[in-house]
Amino acid sequence: MRIIGSFVSPYVRKVLVALEIKGIDYEVDPITPFFGDDEFERLSPLRRIPVMVDGGLVLTDSSVICAYLDEAWPEEPLLPDDVKDRARARWLEEFADTRLGDIFIWGLFYPRFVHPLVWGKPGDQARIEKSLSTDIPTALDYLEGEVPASGFLFGHFGIADISIASFFRNAAYVDFEVDENLWPKTARYVRDALAHPAFEKLRRLEAIQLGTSIAGRRQALLDAGARLTAESLGQREPRRGIMRL
Ligand SMILES: N[C@@H](CCC(=O)N[C@@H](CS)C(=O)NCC(=O)O)C(=O)O
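Residues numbered from 1 in each chain as written. Predicted model: local features only at pLDDT ≥ 70, side-chain atom pairs only at ≥ 80, totals over all residues. Heavy atoms only, no water.

Asks: Looking at this structure, I do not really get the pattern of salt bridges. What am I missing?
Replies: A side chain with one charge may pair with a side chain of the opposite charge, provided their charged atoms come close. In total, this model carries 18 salt bridges according to the counting rule given. One salt bridge in this structure joins Arg227 and Glu27, with 3.8 Å as the shortest N-O distance. Highlighted residues: Arg227 in the segment after helix H9 (214-223) and Glu27 in strand S2 (residues 27-29), separated in sequence by 200 residues. Where Arg239 meets Glu41, a salt bridge forms, and the shortest distance between an N and an O atom there is 3.5 Å. Taken as a pair, Arg239 in the segment after H9 and Glu41 in helix H2 (residues 38-43) lie far apart in primary sequence, 198 residues in all. For Arg239, a relative accessible area of 25% corresponds to the partly exposed category. Given a relative accessible area of 32%, Glu41 falls into the partly exposed group. A cluster of three or more residues bridged by salt bridges with shared partners is formed by Arg99, Asp102, Arg127, Lys130 and Asp135. (Salt bridge = Lys/Arg side-chain N within 4 Å of Asp/Glu carboxyl O. Helix = DSSP H or I, 4+ residues; strand = E, 2+ residues; numbered from the N terminus. Buried < 20%, exposed > 50% of the residue type's maximum accessible area, 1.4 Å probe, protein only.)

Asks: In this structure, what is going on with the packing of aromatic side chains? I would like to understand it.
Replies: The geometry of an aromatic ring pair comes down to the distance between the two centres and the angle between the two planes. Scanning the model with the defined rule gives 13 aromatic pairs in all. A network of ring pairs unites the aromatic residues Phe34, Trp106, Tyr110 and Trp119 as a single cluster. For the cation-ring pair, Arg240 lies above Trp119, with the distance from its terminal atom to the ring centre recorded as 3.9 Å. (Phe/Tyr/Trp six-rings, centres within 6.5 Å; stacked < 30°, edge-to-face > 60°. Lys NZ or Arg CZ within 6 Å of the ring centre and 35° of its normal.)

Asks: Would you take a moment to explain empty space enclosed by the protein for this structure?
Replies: Where empty space is left can be seen by rolling a probe of water-molecule size over the atoms. Per the counting criterion, the structure on display carries one cavity of 30 Å³ or more. Taken as a whole, the largest cavity encloses approximately 50 Å³ of empty space. Looking at the largest cavity, the residues that line it are Leu78, Leu79, Pro80, Ala89, Leu153, Phe154, His156, Gly158, Ile159, Ala160 and Asp161. Top element by residues in the lining of the largest cavity is helix H6 (residues 159-173). It accounts for three residues. (1 Å grid on protein atoms, 1.4 Å probe; cavity = no way out; pocket = protein on both sides within 12 Å on 5 of 7 lines; lining within 4 Å. Points joined across faces, edges and corners; volume = space filled by probe spheres on them.)

As structure tokens, this is what we get:
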């Protein structure tokens, strides 16, 4: 099982948490999508991460990959048992991937962190302002009505919890924390979800990915216990994405 994509991507993290929970062995090629080569583009026609390669099966999109993992390895299920709960879990996964992805990644993490790093100039400041003043508060108001006061959604830690929590890790990387006076249930829920051992294990690897120079990164990740692919689909020069940028 090969996962292509940086440890710092919320969508890659979602897949890796699912693999950890299910105890499936995997190797990572931790590339940033903008640095993917021609072979990456062949595997990922939208030039997006994560990509999963399992023997002859190639999948992109974190939700499609997690659904495959859950069907092929049904132990430690990611979805709840009840059919209506399953439907709601899928909706919250979709809400997280689409809306939280838009406001926390494209509206905050990308312009504050990725854009200056990859393209060498500041990201869209007006977009950051709009995210912080309007979009993020509105999404948190919604989540505050959805998440439980204790424990996780639908009784056990699953795909909705993983999908939602993953975006708050990236938010924290660009100094955003949920205000517990305004959204106390969400603040507690996110804190507890990100403290799950699978998220915690990955956080240590993310710290290395973020804090180590490119020259020493591979060895530092290996020393920390990451299993990396022998070959990488990364290249030196960035290319524009084809979906947005
Ligand atoms: N719906 C996709 C979204 C994946 C996604 O947007 N990944 C980002 C990295 S966090 C990416 O590859 N962006 C590059 C681009 O859009 O060009 C999924 O769930 O996997």
